[in-house]
Amino acid sequence: MKDDSEVGGSLTLDPCDWAEFRAVAHAAVDAATDRIRTLRDGPVWRPMPDDVRAAFTGPAPVGPQPLREVFEQVATQVIPYAMGNQHPRFWAWYMGAGDLTGALADFLAAVDGSNLGGGDTAANLVDQQVTRWIRELMGFPESASAALVSGGSMANIIGLTAARNASAGIDLRKDGVAQMEQPLAFYASDQVHSCHHKAMNLLGLGARALRHIPTDENFRMDVRALEDAIEADRRSGTKLACVIATAGSTNSGSVDDLGAIADLCRREGIWMHVDGCIGALIAIAPRNAHLVAGMERADSLALDLHKWLHAPFDVGCVLIRDRALHRGTFAENAEYLQRATRGLAAGEFLHDYTLETTRGFRALKVWMMLKHHGVETFGRLIDQNIAQARYLTDLIEADPSLELIAPTATSVVCFRFNPGGLSEEGLRGLNTELLLRLQESGLSVPSETTLRGRYCLRAAFCNHRTRLSDVEDLAAAVGRLGRELSH
Ligand SMILES: Cc1ncc(COP(=O)(O)O)c(C=O)c1O
């Protein structure tokens, strides 16, 4: 029998000192728990000093370093300079605030180590149970399929790929887009998220295939204009592929008229896709679920579980009403990935429903978080965020130096400091500086956008740690900084 030393030794990545690993791991859990417990006391975000930046410029380490030292670097040079989205006063862009149960789950998922591409594992069953729960919560039928993916962009791309293949009129997988006799038209409002432009690019259709339908004064798709665009395309011999409705636009949180769009799509025989990355989960919020009624009638739905479910990044989900079509869009039959009736390969091959072959165990964080907190808690938290957005709207409307830039439909508030007498350019300059000072002070972190040419601050409430006093502090800080800057 050969000895390990004859083939280069018994090298492994496992700890040589198991007790030391355990001690470092316990220290990491202690540090993580303390960090989240005391978050509110620190700044939301802080600029990085030069010596911290310099710490990330060295070459790849050739030799080993004790784990304790590496952990110390993470604790002192990485985590203190995080994005800040875990902090109660972070309201930038649109992202969840994270959760310790989810973080623990990510660790346990890594220790489980399963590849969720396929295989008869408990992890596979966890994934399938999670997608079944989501399907039920979103009001989709049991026959619909679902897949957990990296996030909303990927969920949208998968939904739109199925829509493209369903409406192309040829076998796209075999023949490709060049063989299509008619061009395809997709429709979305002028508020649609930029990931749909990436999708058009990736699907080989080009940006022009996506018609941008104007929105009304509430930033909702103008359904009459949609009908007109569809009619014009029909007359010119274009194939009507898909309407992308938005449930919660990134700019202002507006929700398209999902019921009217569903009626139109049914009448015209067009695929209805809903980008519900922001708003789909409102369906579980008792006081606001009516805002997304009609979403359950879609052919496909994209949602983000790392937003209002606060699962650590990253995890999104796509639902597709026609399971066979979904599978037919992505499934492959490689000789090295054959299904079996017994043994490890007997489980469902989940990679048949996505672009990825290897898939991480993203499902565990969602599964553990839903079990630990319960769906009802998440629904109430969403209601709480929407109420906070309305409260900020009230504060803005009561202060003559603050100007609301869009109606608050859900949880996004668009506003600015406006002392009067300034041009649009002047207001942009003033509010840009105000935003930077707010962020750099560590007080709070909203972000910015421009709506119909008007620059504004944008506070997106997707944070389970925010309190009403934080909202009051934001309105007060914007007023104070605005006055300082305009004197
Ligand atoms: C409406 C909408 N769609 C899609 C996305 C993209 O989602 P992700 O960042 O998870 O890829 C976002 C991101 O905020 C969004 O707001």
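Nothing here was measured: the structure is a model prediction, and the numbers come from that model.

Student: Give me the site of the ligand: which residues, what numbers.
Tutor: The full set close to the ligand counts 14 residues, and G152, S153, D275, D304 and H306 are the nearest of them. Measuring from an oxygen atom of the ligand, one finds a side-chain N or O atom of S153 at 2.6 Å. At a separation of 2.7 Å, a nitrogen atom of the ligand approaches a polar side-chain atom of D275. Protein contact buries 84% of the 390 Å² of open area that the ligand shows by itself. Looking at the shell around the ligand residue by residue, the classes come out as 3 nonpolar, 8 polar and 3 charged.

Student: Account for the sheet that holds strand 11 (residues 454-460), with residues named and values stated.
Tutor: Taken in spatial order, the 4 strands make up an open sheet running 8-9-11-10, and their pairing is antiparallel. Two strands in the sheet have a free side with no partner beyond their single neighbour: strand 8 (402-404) and strand 10 (447-451). Within the sheet, the average angular offset between the axes of one strand and its neighbour, ignoring direction, is 45 degrees. Pairing analysis gives 3 bridges linking strand 8 to strand 9 (residues 412-417), with the strands arranged antiparallel. Note on strand 9: the bridge partner recorded for L402 is F417. Helix 13 (residues 375-398) rests against strand 8, strand 9 and strand 11 of the sheet, and its axis sits at about 25 degrees to strand 9.

Student: Describe in detail the nonpolar core, supporting the description with residues and values.
Tutor: In terms of nonpolar packing, the biggest core is built from 73 residues, with M138, L303 and L305 touching the most fellow members. No other element matches helix 12 (residues 363-373), which puts 6 residues into this core. In contact with L303, other than residues within four places in its own chain, are I134, M138, A155, G276, C277, A280, L281, G316, C317 and L319. I158, A162, A241 and A302 belong to the second-largest nonpolar core, a separate cluster that totals 31 residues.

Student: Please give an account of the packing of aromatic side chains that cites residues and values.
Tutor: With the rule as written, the count across this model stands at 2 aromatic pairs. Pairing W91 with F461 gives two aromatic rings, centres 5.3 Å apart and planes at 45 degrees, and the pair type is tilted. Of this pair, W91 sits in the loop between helix 3 (67-78) and helix 4 (100-112) while F461 sits in the loop between strand 11 and helix 15 (468-485); the two residues are 370 residues apart in sequence, bridging distant segments of the chain. Assigned by exposure class, W91 and F461 land together as buried. Taking 5.9 Å as the distance between ring centres and 85 degrees as the angle between the ring planes, the aromatic pair formed by Y94 and W308 counts as edge-to-face. Of the two residues, Y94 sits in the loop between helix 3 and helix 4 while W308 sits in the loop between strand 6 (300-304) and strand 7 (316-320), which places them 214 residues apart along the sequence. Above the face of the Y81 ring, R46 is positioned so that its terminal group lies 5.8 Å from the ring centre. The ring of F140 is capped by R321, whose NZ or CZ atom sits 4.9 Å from the centre of that ring.

Student: Give me the lowdown on the pairing of strand 11, citing residues and values where you can.
Tutor: Most of strand 11 sits inside the fold, with 6 of its 7 residues counted as buried. The pairing of strand 9 with strand 11 spans 4 bridges and is antiparallel. In the strand pairing of strand 11, V413 is matched with A459. Bridging between strand 10 and strand 11 involves 5 bridges; their strand directions are antiparallel. Paired with T450 across the bridge in strand 11 is Y455. Taken together, strand 10 and the strand that follows it, strand 11, pair antiparallel across an intervening segment of 2 residues, in which R452 is found at a positive phi of about 45 degrees.

Student: An account of the packing of helix 5 (residues 122-137) against helix 12 is needed here, citing residue identities and associated values.
Tutor: At a minimum axis separation of 9 Å, helix 5 and helix 12 run at an interaxial angle of 60 degrees. Here helix 12 runs oblique to helix 5, going by the angle between their axes. Our pair here, helix 5 against helix 12, has a crossing hand that is left-handed. Between helix 5 and helix 12, the residues in contact are V126, D127, Q129, V130 and W133 and A363, L364, V366, W367, L370 and K371, respectively. When grouped by side-chain class, the residues that make up the contact of helix 5 with helix 12 number 8 nonpolar, 1 polar and 2 charged.

Student: Lay out the side chain of T131 in plain terms, naming residues and giving numbers.
Tutor: If you trace the backbone, T131 turns up in helix 5. You can call T131 buried: its relative accessible area is 6%. In terms of polar contacts, T131 uses its side chain to reach the backbone carbonyl oxygen of Q128, at 3.1 Å. Other than its neighbours up to four places away in sequence, T131 contacts A146, A147 and L148.

Student: Now, about helix 5: what can you tell me, with residues and values included?
Tutor: Residues spaced three or four apart along an α-helix point in a common direction, a consequence of the helix completing one turn every 3.6 residues. Counted at 1.5 Å a residue, the expected span for helix 5 with its 16 residues is 22 Å, and the 22 Å between its end C-alpha atoms agrees. The elements touched by buried residues of helix 5 are helix 4, strand 1 (145-149), strand 6, strand 7, helix 11 (323-330) and helix 12. Of the residues trailing helix 5, G139 is marked for its positive phi of about 75 degrees.

Parameters and conventions
- Residues numbered from 1 in each chain as written.
- Predicted model: local features only at pLDDT ≥ 70, side-chain atom pairs only at ≥ 80, totals over all residues.
- Heavy atoms only, no water.
- Near = heavy atom within 4 Å.
- Polar contact = N/O pair within 3.5 Å; in protein donor to acceptor, adjacent residues only side chain to side chain.
- Areas by Shrake-Rupley, 256 points an atom, 1.4 Å probe, with all protein chains shown as cover.
- Nonpolar A, V, L, I, M, F, W, Y, C, P; charged D, E, K, R; others polar.
- Pairing = 2+ DSSP bridges.
- Helix = DSSP H or I, 4+ residues; strand = E, 2+ residues; numbered from the N terminus.
- Axes fitted to C-alpha atoms, helices over the stretch in contact; angles between N-to-C directions.
- Contact = heavy atoms within 4.5 Å.
- Core = buried A, V, L, I, M, F, W, Y, C linked by side-chain atoms within 4.5 Å.
- Buried < 20%, exposed > 50% of the residue type's maximum accessible area, 1.4 Å probe, protein only.
- Phe/Tyr/Trp six-rings, centres within 6.5 Å; stacked < 30°, edge-to-face > 60°.
- Lys NZ or Arg CZ within 6 Å of the ring centre and 35° of its normal.
- Parallel < 35°, antiparallel > 145°, perpendicular 65-115°, else oblique.
- Left-handed = near helix turned anticlockwise from the far one by under 90°.
- Expected span 1.5 Å × (residues − 1).

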